[in-house]
Amino acid sequence: MSAMTADPIAERIAALRVRIDDASHRYYVLDDPDLSDAQWDALLRELQQLEARRPDLVTPDSPTQRVGSTPSARFAPVAHAVPMLSLGNAFQDSEVAEFVARIERETGDAAPVFSVEPKLDGLAISLRYEDGRFVRGATRGDGATGEDVTANLRTVRSLPLRLRAPATGLPLPRVLEVRGEVVMPKADFERYNAQARADGNKPLANPRNGAAGSLRQLDPRVTAQRPLAFLAYALGEVEGVELPPTHSQTLAWLRDLGLPVSAEAGTAAGLSGLLDYHARIGQRRDALPYDIDGVVYKLDRFDQQRAMGYVSRAPRWAIAHKYPAQEAATTVQSIEVNVGRTGAVTPWVLMAPVQVGGVTVTRATLHNADQIARLDVRVGDTIIIRRAGDVIPEVVRVVEAERPVDSRGEPLHPAYAMPGQCPVCGSAIERGEGEVVARCSGGLYCPAQRVQALFHFAGRRTMDIEGLGERFAEALVEFGYVQTVADLYTLAVDDLLEMKRRADERDATTPATVKAGKVADKWAHNLVNAIDASRTTTLERLLFALGIPEVGESTARTLARHFGALQPLMEADEASLLEVPDVGPVVAGHIRHFFAEPHNRDVIAALRARGVQWPEGAPRRSSEGPLTGKTVVLTGGLSSLTRDQAGERLEALGAKVSGSVSKKTGIVIAGEAAGSKLAKAQDLGLEIWDEAALMAFLAEHEARDDAR
Ligand code: IVH
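Please read all numbers here as calculations on a predicted model, not as lab measurements.

Trainee: Which parts of the structure should I look at to understand the overall build of the protein?
Mentor: The secondary structure content of the protein amounts to 25 helices and 24 strands. With the principal axes as the frame, the protein shows a C-alpha extent of 90 × 75 × 70 Å. Taken over 708 residues, the protein has a buried fraction of 46%. Put simply, the protein shows about 33800 Å² of open surface, and 51% of that area lies on carbon and sulfur atoms.

The following block contains the structure:
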């Protein structure tokens, strides 16, 4: 019969919804995705477009409805039909032993089986499904009444809007309330905060606050921007289905219905089984995708649960076995800055030693100057720090009530100001307008940046010094053979042999042949020859090799063409730099700071003095051609040439090649497996070429150029 309903749009919409739900289920529940992000996005976009044409077919359980609806003034109260309980805590093994003994005694079961699960550190939520459809979601509140956060929960991608027909063939329950935790996965939390810090926005204190704060947004469109996940661990009201006899089987059934359940959930018997599980999960705590604050043991058999019953608002058949907290309080001894290999200056605090997450720490990062200003961290302050995984702990907040004050009640220490000079090399610390990161402008001169600078300088796409890898770069700097990249051009074979001998000794990697008195020196001759050969280079390679922040290969090429020679570039003011295509105020600022730093000018003078040379010519504006004035973006893989080669040939025809798609992009060339850039180009309605179109264009226009 249904084949006769000739509504192809309705059919396509239904098919797309099933396909997207399936893909989400595979991704979030089975952890076995079968679509790429781009494919998934494309299906969702198609569905959105069809639904826009047919608003009559939009339903609340469509995957398009996760984007967030309009804000509400407040959350309506929801009475929980079955109260949401809390759990008793155990911190010591002995408390777990008492718990198990009590159960053994009262049930008469000598080896009771427990469902064992991570205790997820997020926000407890109850979801209500009626006839398989998600109809309402509420927070725990006081356990009896919570808040209706349905619109926000719809935006959580791993939360199914429709239950799946179970493989067992059993019917879907009439009513199913599922309890679980909404969490912010750690990786998503880190990514969110890195972006927030880069944008100068307020980062989230920790993943739990991230999850709780995001769900309590009155505007679901804000929630939709937050990376949240849901994991089920218990039931509320259930109607119209017979439940399995144990909790662990219930979790399997929930998983079968399409609800995500923690991959670490399992069963264990007796006290030793529980303590083993606690230790095993504890070891993997840092590697788990979510923050946990313990594990939960639940007596598995429902009949035994009923026999044990409840005290006040917690079951007597379950307990949470906690881990050491990942947040702790301590005091600030001093505020220091660290200079990274790229010159980024990162402030951090030296603290009174404190235990957090089971290890003792004395340093915590403050990330950047904005973060210091936001937190107003001062010497002597009591601070809350947080450690997650093996990342260095970070400062979460200051306990302001405990700030030390003088006799007049004024803070004892002033607000912290970042130093103006690099603590390593004394060069000026600069922070470009609109930039979050402050940098040492010492560039090639700063010891903190030397290894990285040297390695970059020697790279294949810069000065192309074969044989100078990271290990040698590091040894040359560490043993003092090279202060700046210009010193490379003074190295002799004997220096290199001595450097290698010292590095081998330090690393205990001295080859047996060397110990036996033989000296292999061919590599050293080769390296000296490679260094010598790199003396003759091009301006664009040199500019890229200098490691000016934000000046990559393509900007270096544009600068070399535009200025033709180094001196005018070194003397260029902001206005003339801004005339260069692709150079904005930020890049112009970096270039000017770099060449204003006397240390860097000295290095360039030394390079010249030691014979490094490059042809210079008159400034050359980008060539006139059929693509003059057009910005072209290359994305995906090409089969007949590399993206660089394609870029060069397009530039030769006048194009400006850029890395990002915007309204101003003229043409997007999409190769194999082009992803989000292609999708964006389609969204913006830009001109899109495939590889064949590109090759045809090059063939036609390059031939014409030759003929001219
Ligand atoms: S079961 C009747 N299982 O812990 C027991 N709770 O302290 C009801 N939680 O509000 C809770 N992970 O937010 C249970 N695997 C888990 C859990 C878990 C985290 C939280 C939940 C609850 C609190 C109780």
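From this point, things continue past the structure.
Trainee: Honestly, the pattern of salt bridges in this entry has me stumped. Any pointers?
Mentor: Summed over all chains, the structure comprises 49 salt bridges. A salt bridge links Arg-162 to Asp-61, with the shortest nitrogen-to-oxygen separation between them at 3.9 Å. With a gap of 101 residues between them, Arg-162 in the loop between α4 (150–153) and β7 (175–183) and Asp-61 in the loop between α2 (37–53) and β1 (77–79) connect regions that are remote in the sequence. Residue classification places Arg-162 among the partly exposed residues on the basis of a relative accessible area of 27%.

Trainee: Would you explain the site of the ligand in this entry?
Mentor: Taken together, 14 residues form the shell around the ligand, and within it Glu-117, Leu-120, Glu-181, Tyr-233 and Lys-298 come nearest. Lys-119 is positioned with one of its side-chain polar atoms (N or O) 3.2 Å from an oxygen atom of the ligand. Interatomic distance of 2.7 Å between a side-chain N/O atom of Glu-181 and an oxygen atom of the ligand. Burial of the ligand by the protein chains amounts to 88% of its free accessible area of 520 Å². When atom positions are compared with the pocket grids, the ligand is found to occupy the second largest pocket. Contributions of two or more residues to the shell around the ligand are made by β3 (113–120) and β10 (292–299). Considered class by class, the residues forming the shell around the ligand number eight nonpolar, one polar and five charged.

Trainee: Just checking my understanding: could you explain the packing of aromatic side chains for this structure?
Mentor: Ring pairs (aromatic) are described by centroid distance and by the angle formed between their planes. This model, assessed by the stated rule, comprises eight aromatic pairs. The interplanar angle of 40° and the centroid separation of 5.8 Å between the aromatic rings of Phe-99 and Phe-114 together place this pair among those described as tilted. Of this pair, Phe-99 sits in helix α3 (residues 93–107) while Phe-114 sits in strand β3; the two residues are 15 residues apart in sequence, bridging distant segments of the chain. Taking the relative accessible area as the measure of exposure, Phe-99 reaches 1% and is therefore buried. When the ring of Phe-594 is compared with that of Phe-595, the centres are 5.3 Å apart and the planes differ by 90°; the resulting orientation is edge-to-face.

Trainee: In this structure, what is going on with the environment of Trp-40? I would like to understand it.
Mentor: Summarising the element assignment, Trp-40 is placed in helix α2. On a C-alpha basis, the gap between Trp-40 and Ser-24 in space is 8.9 Å, while along the polypeptide they are 16 residues apart. When sequence neighbours within four positions are dropped, the list of residues in contact with Trp-40 reads Ile-20, Ala-23, Ser-24, Leu-35 and Arg-157.

Trainee: Hey, could you run me through α3 in this one?
Mentor: Helical geometry: 3.6 residues make up each α-helical turn, so side chains three or four residues apart lie on a common side. Between its first and last C-alpha atoms α3 spans 21 Å; for 15 residues at 1.5 Å apiece the expected length is 21 Å, and the two agree. Listing the buried residues of α3 in full gives Val-96, Phe-99, Val-100 and Ile-103. Within α3, the buried residues cover an arc of 90° as seen down the axis, which keeps them to one side. Where α3 is buried, its residues meet β2 (89–90), β3, α9 (270–284), β10, α10 (302–308) and β13 (318–322). Phi turns positive, to about 75°, at Gly-108, one or two residues after α3.

Trainee: Looking at this model, I keep getting lost on the nonpolar core. Mind explaining?
Mentor: A general trend in soluble globular proteins is that nonpolar side chains are found buried together. Ile-465, Leu-476, Leu-488, Leu-543, Leu-546, Leu-559 and Phe-595 are the most contacted members of the largest nonpolar core, which has 60 residues in total. With near-sequence residues (within four places) excluded, Leu-488 lies in contact with Leu-454, Phe-457, Ile-465, Leu-468, Leu-476, Val-482 and Ile-531. Counting residues in each nonpolar core, the second largest holds 30 residues, with Phe-134, Ala-211, Trp-253 and Leu-254 among its members.

Trainee: Explain the sheet that holds strand β9 (residues 266–269) to me, please; I cannot follow it from the model alone.
Mentor: Sheets are built from strands paired through backbone hydrogen bonds, the pairs being either parallel or antiparallel. Spatially, the five strands line up as an open sheet ordered β2-β13-β10-β3-β9, and their pairing is mixed. The open sheet has two free edges, formed respectively by β2 and β9, since each of these has just one partner strand. By the bridge criterion, four bridges tie β3 to β9 in an arrangement that is antiparallel. Paired with Phe-114 across the bridge in β9 is Ala-268.

Rules and cut-offs
Residues numbered from 1 in each chain as written. Predicted model: local features only at pLDDT ≥ 70, side-chain atom pairs only at ≥ 80, totals over all residues. Heavy atoms only, no water. Helix = DSSP H or I, 4+ residues; strand = E, 2+ residues; numbered from the N terminus. Buried < 20%, exposed > 50% of the residue type's maximum accessible area, 1.4 Å probe, protein only. Areas by Shrake-Rupley, 256 points an atom, 1.4 Å probe, with all protein chains shown as cover. Salt bridge = Lys/Arg side-chain N within 4 Å of Asp/Glu carboxyl O. Near = heavy atom within 4 Å. Polar contact = N/O pair within 3.5 Å; in protein donor to acceptor, adjacent residues only side chain to side chain. 1 Å grid on protein atoms, 1.4 Å probe; cavity = no way out; pocket = protein on both sides within 12 Å on 5 of 7 lines; lining within 4 Å. Sits in = over half its atoms within 2 Å of the grid points. Nonpolar A, V, L, I, M, F, W, Y, C, P; charged D, E, K, R; others polar. Phe/Tyr/Trp six-rings, centres within 6.5 Å; stacked < 30°, edge-to-face > 60°. Contact = heavy atoms within 4.5 Å. Expected span 1.5 Å × (residues − 1). Arc of directions from axis to C-beta. Core = buried A, V, L, I, M, F, W, Y, C linked by side-chain atoms within 4.5 Å. Pairing = 2+ DSSP bridges.

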